[in-house]
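# Tertiary structure, described
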Amino acid sequence: MATESAAMFDTDELVLNMGPQHPSTHGVLRLVLRLDGERVKDVDVVMGYVHRGIEKLSENRDWTQIILLTDRMDYVAAATNNLGYCETVEKLMEVEVPRRARYIRTILAELQRIASHCLWLGTHAMDIGAMTVFLYAFRERELILDLFEEYCGARLTYNSMRIGGLPLDLPSGWDDKARAFCDIMDSKVAEYEELLTNNRIWLERTRGIGVISGADAIALGLCGPPLRGSAVNRDVRKDEPYAAYDEFDFDIPIGTRGDTYDRYLIRLEEFRQSIRIIRQALDGLPEGPVMGKVPRLLKPKAGETYHAIESPKGELGYFIVSDGRATNPYRFRVRPPSFCNLQGLRPLVIGHLVADVVALIGTIDVVLGEVDR
Amino acid sequence: MLDTVFWPLVKIVVLLNAVMISVTFMTLLERKVIAWAQSRLGPMRVGPYGVLQAFADPIKLMTKEDITPANADKMMFTLAPILSLVPAFVVFAVIPFGDDPLYYVADINVGLLFLISVTSIGVYGIILAGWASNSKYPLLAGLRASAQLISYEIAVTMTLVSVILTAGTLSMVEIVEAQRETGWWIGFIQPVAFVLVLIGGLAETNRAPFDMPEAEQELTGGFHTEYSGMRFGLFFLAEYANMIVISAVVVVLFWGGWLRPFPSVGALALLDYIPSWIWMFSKMFLVLYLFIWIRATLPRYRYDQLMRIGWKVLIPIAIANVVITAVVKVLL
């Protein structure tokens, strides 16, 4: 019957260009959708609109200057980018980082995770039409930015870490403020849940949308919450502990169905786990220096290394090659979680409706600065 | 002559201006209420507490450049906003704002039928706007709007039948009078019908959570993507005028129109000293506030889900409601 009517009428697929200037493509992502009515038959994901050549630039900067460039990749999670890079170089140079510095790094990284998830929650909910959550989430993100501002003076691109440790110790009274923030955040997460978790419309919009099996997720190279949503237990913080994660108790939330709702629940649970880690780190914060013994002129010996951390978006890896002669890397390569997760967008989107496309862009949580670099 | 032409004309002019001014303040109210819900201040710059923002917005819209896209169907493109606005204004004619003939333009004996028919025309404006823009996002919005209209018009009209059965009349004024005589607001007799009309009203005015035709996050503004300046302003005016209409209809049909609370309780006769139109307007205000509150709280439905609710939930309930009402009416 369907083929018969298709033969009778001249049916044509609608090619819809979504982005790069579109309110829900989170920056400058461009999707070329092929629609049958409102159903997506195929999609081309076009990117590269904010390509700044950060990897190539880094090969012409000295080791310290690169920290500043890593800020500009995932600009809503600059601290974790700094952390990943610094740890990679430290691994290459075999530098010992003082325990206090590792603790503070963990605190900063987890604060950053909360801030990044706040932005994700706000925009994701906004895409689905719940605009109040957006402002609530940004209200709490503001508190984190204030904490960062007090620590390092910047609110977005922090440049907050150094190879071998940290540029600054925590200001006095900062830990109390961080504790106060944890208490606030606990109640606010409950507030977000109240607005969304059991909301019928939210459930209908997210349950069963963008289902991906664990095997497919691994095959596509997904990482972070999209991977864990599909019941794959993989978190770099647990599997290959870095910074001070091996010293804390925390759980890795795992989904069961692999749909948008599971990914949402996972990130909300990560809020709570991050708060838990921050509290433990603040309570057990050791005394001591925050900067390890590092030569004044950084010149790692020849060699290559890969090191990954769990950024808010997933597994953020750095591959660095040093030729042992120059004060800049010979090769600098980033494995950005957003880019890898964006590979999953096409299989997720096909077969869904236009309204789901924006929900799915939200659920994989991409930052285009990191995708394009 | 004076009674049939002059006074109605004066009333129409006053009413139209009142509607337009209330729309401007309605937008201000909406922005303020949503701002409070979202722990921010809302407009604060123009006038004390941003009160004059209500006038700044229309001035801005009127002075903006009015662009017609090169490939648009010029005539339809111009016609669409007008087609959207006129029905929204015309229906005000049959809405009684008070007990005296001074407070309504016309009391026609098929008032409710008139209202249903005229409000249905409004959606043509949206469909035409989507089609005439010759642009893909508005086209999708136009399709969504027509699907939405069909799904909801039936449910709402069916529900109104049960109200008509209860009140025994189609005239808006007499529906209120019927509520005075029985001493019961129809909302208490027909709570299901009230909920259905409220949901259907949200869907018909394209309000959240049913704002698919303009879903800014998906369709970048939907049918008015290509509109700018005052033509966009007309759509805006129509949407808010429709909201006011729906709130008035809900109040008249279910919550006793201009009647004071507990119209049958003699002990509260003191409340009769408050003019009837104040009761009407305060009830309308509550309904409008509810609309804004809903918008600040809920996410948006997907349009196939909206259709499913319309056809599989609301219409069966509405029909069952009509049947039950009719049976009860016959038995009593």
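Now for a quick tour of the structure. All of these numbers come straight from a predicted model, not from anything done at the bench.

Moving on, we come to the overall build of chain B. From N to C terminus, chain B includes 12 helices and zero strands. Reading chain B from its N terminus to its C terminus gives the helix and strand order α-α-α-α-α-α-α-α-α-α-α-α. A compact globule built from 332 residues should have a C-alpha radius of gyration of about 20 Å, and chain B, at 20 Å, falls within 12% of that. Within chain B, buried positions represent 45% of all 332 residues. The long-range share in chain B, meaning contacts at least 24 apart out of those at least 6 apart in sequence, stands at 78%.

Bringing the overall build of chain A into the picture now. Within chain A, the secondary structure is distributed over 16 helices and six strands. The C-alpha radius of gyration of chain A comes to 21 Å, within 12% of the 21 Å expected for a compact globule of 373 residues. Counting all 373 residues of chain A, 52% fall into the buried class. Taking contacts inside chain A between residues at least 6 apart in sequence as the whole, the part at least 24 apart equals 71%.

Attention shifts here to the nonpolar core. In this structure, A:Val357, A:Leu360, B:Ile95, B:Val245, B:Val250 and B:Val252 are the most contacted members of the largest nonpolar core, which totals 198 residues. Considering each element in turn, this core owes the most residues, 19 residues, to helix α10 (residues 229-254) of chain B. The contact partners of B:Val250, leaving out residues within four places of it in the chain, are B:Val197, B:Leu198, B:Gly201, B:Trp255 and B:Val287.

Our next topic: the interface of chain A and chain B. Across the contact, 25 residues belong to chain A and 22 residues belong to chain B. Listed by contribution, the elements that provide at least two residues to the side of chain A that touches chain B are β1 (14-18), α5 (99-127), α6 (131-152), α8 (200-206) and α15 (354-364) of chain A. Partitioning the side of chain A that touches chain B into residue classes produces 14 nonpolar, five polar and six charged.

Residues and elements named next belong to chain A. The sheet built from three strands is open, its strands ordered β1-β2-β3 with antiparallel pairing. Since the sheet does not close on itself, it has two edges, and those belong to β1 and β3 (39-46), each with one partner. Averaged over neighbouring strand pairs, the angle between their axes works out to 20° when direction is ignored. Sheet analysis places β1 next to strand β2 (residues 30-36), joined by five bridges and oriented antiparallel. Bridge pairing links Asn 17 to Val 32 in β2.

All names here are of chain A. The strand order β4-β5-β6 describes an open sheet built from three strands, whose pairing is antiparallel. The open sheet has two edge strands with one neighbour each: β4 (303-311) and β6 (331-335). Taken pair by pair, the neighbouring strands of this sheet meet at an average axis angle of 15°, ignoring direction. As defined by bridge partners, strand β5 (residues 314-322) adjoins β6 across five bridges and the pair is classed as antiparallel.

Let us now look at helix α3 (residues 63-71) of chain A. One full turn of an α-helix is made of 3.6 residues, so residues set three or four places apart face in the same direction. Looking only at α3(A), the buried set comprises A:Trp63, A:Ile66, A:Ile67, A:Leu69, A:Thr70 and A:Asp71. Residues of α3(A) that are buried in the fold lie against α2 (54-58) and α4 (78-93) of chain A.

The next point concerns helix α8 (residues 191-204) of chain B. Residue and element names in this part refer to chain B. If you check α8, its first and last C-alpha atoms are 20 Å apart, about what 14 residues at 1.5 Å a residue would give, namely 20 Å. When we look at burial in α8, the residues that qualify are Ala 193, Phe 194, Leu 196, Val 197, Leu 198, Ile 199, Gly 200, Gly 201, Leu 202, Ala 203 and Glu 204. Summarising the contacts, the buried residues of α8 are in contact with α4 (111-132), α5 (136-167), α7 (186-189), α10, α11 (276-297) and α12 (303-331). Just past α8, the residue Asn 206 takes up positive phi, approximately 60°.

Residues and elements named next belong to chain B. Counting through the fold element by element, Gly 200 comes out in helix α8. According to the C-beta neighbour criterion, Gly 200 is buried, with 25 such atoms within 10 Å. The spatial distance from the C-alpha of Gly 200 to the C-alpha of Phe 55 is 31 Å, given a sequence separation of 145 residues. Leave out the neighbours within four places in its chain, and Gly 200 touches Tyr 152, Ala 155, Val 156 and Leu 314.

This part covers unusual backbone geometry. All names here are of chain A. Positioned with a positive phi, Asp 365 is a non-glycine residue whose angle comes to about 55°. Of note, Asp 365 is situated in the loop between α15 and α16 (368-372). Accessibility expressed as a C-beta count within 10 Å gives 26 for Asp 365, which makes it buried.

We now examine the pairing of β4(A). Residue and element names in this part refer to chain A. The pairing of β4 with β5 spans nine bridges and is antiparallel. Residue Ile 309 lies in a different strand from β5, and its bridge partner there is Leu 316. Linking two consecutive strands that pair antiparallel, namely β4 and β5, is a turn of two residues.

A few words now on the packing of helix α2 (residues 53-63) of chain B against α10(B). Residues and elements named next belong to chain B. Between α2 and α10, the shortest axis-to-axis distance is 6 Å and the interhelical angle comes to 135°. Here α2 lies oblique to α10, going by the angle between them. Here α2 contributes Pro 58, Leu 61 and Met 62 to the contact with α10, which in turn contributes Gly 229, Met 230, Phe 232 and Gly 233.

This paragraph deals with the packing of α4(B) against α5(B). Residues and elements named next belong to chain B. Close contact between α4 and α5 brings their axes to 8 Å; oriented N to C, the two are set at 170°. Comparing their axes, α5 and α4 come out roughly antiparallel. Of the residues in α5, those in contact with Leu 112, Ile 116, Ser 120, Val 123, Ile 126, Ile 127, Ala 129, Gly 130 and Trp 131 of α4 are Pro 138, Leu 139, Ala 141, Gly 142, Ala 145, Ser 146, Leu 149, Glu 153, Thr 157, Leu 160 and Ile 164. The class makeup of the residues in the contact of α4 with α5 is 14 nonpolar, five polar and one charged.

Here we come to the environment of B:Glu177. All names here are of chain B. Tracing the backbone through its elements, the reader meets Glu 177 in helix α6 (residues 172-182). On the basis of neighbour count, Glu 177 is assigned to the partly exposed category, with 17 C-beta atoms found within 10 Å. Linking Glu 177 and Val 91, residues 86 residues apart in sequence, is a C-alpha distance of 20 Å.

For A:Gln21, the position within the fold is in the loop between β1 and β2. In this structure, the C-alpha to C-alpha distance between A:Gln21 and A:Pro225, residues 204 residues apart in sequence, is 26 Å.

Conventions used here
- Residues numbered from 1 in each chain as written.
- Chains lettered and ligands numbered in written order.
- Predicted model: local features only at pLDDT ≥ 70, side-chain atom pairs only at ≥ 80, totals over all residues.
- Helix = DSSP H or I, 4+ residues; strand = E, 2+ residues; numbered from the N terminus.
- Rg over C-alpha atoms; globule rule 2.2 N^0.38 Å.
- Buried ≥ 20, exposed ≤ 12 C-beta atoms within 10 Å, placed from the backbone.
- Contact = placed C-beta atoms within 7 Å.
- Core = buried A, V, L, I, M, F, W, Y, C linked by C-beta atoms within 7 Å.
- Nonpolar A, V, L, I, M, F, W, Y, C, P; charged D, E, K, R; others polar.
- Pairing = 2+ DSSP bridges.
- Axes fitted to C-alpha atoms, helices over the stretch in contact; angles between N-to-C directions.
- Expected span 1.5 Å × (residues − 1).
- Parallel < 35°, antiparallel > 145°, perpendicular 65-115°, else oblique.

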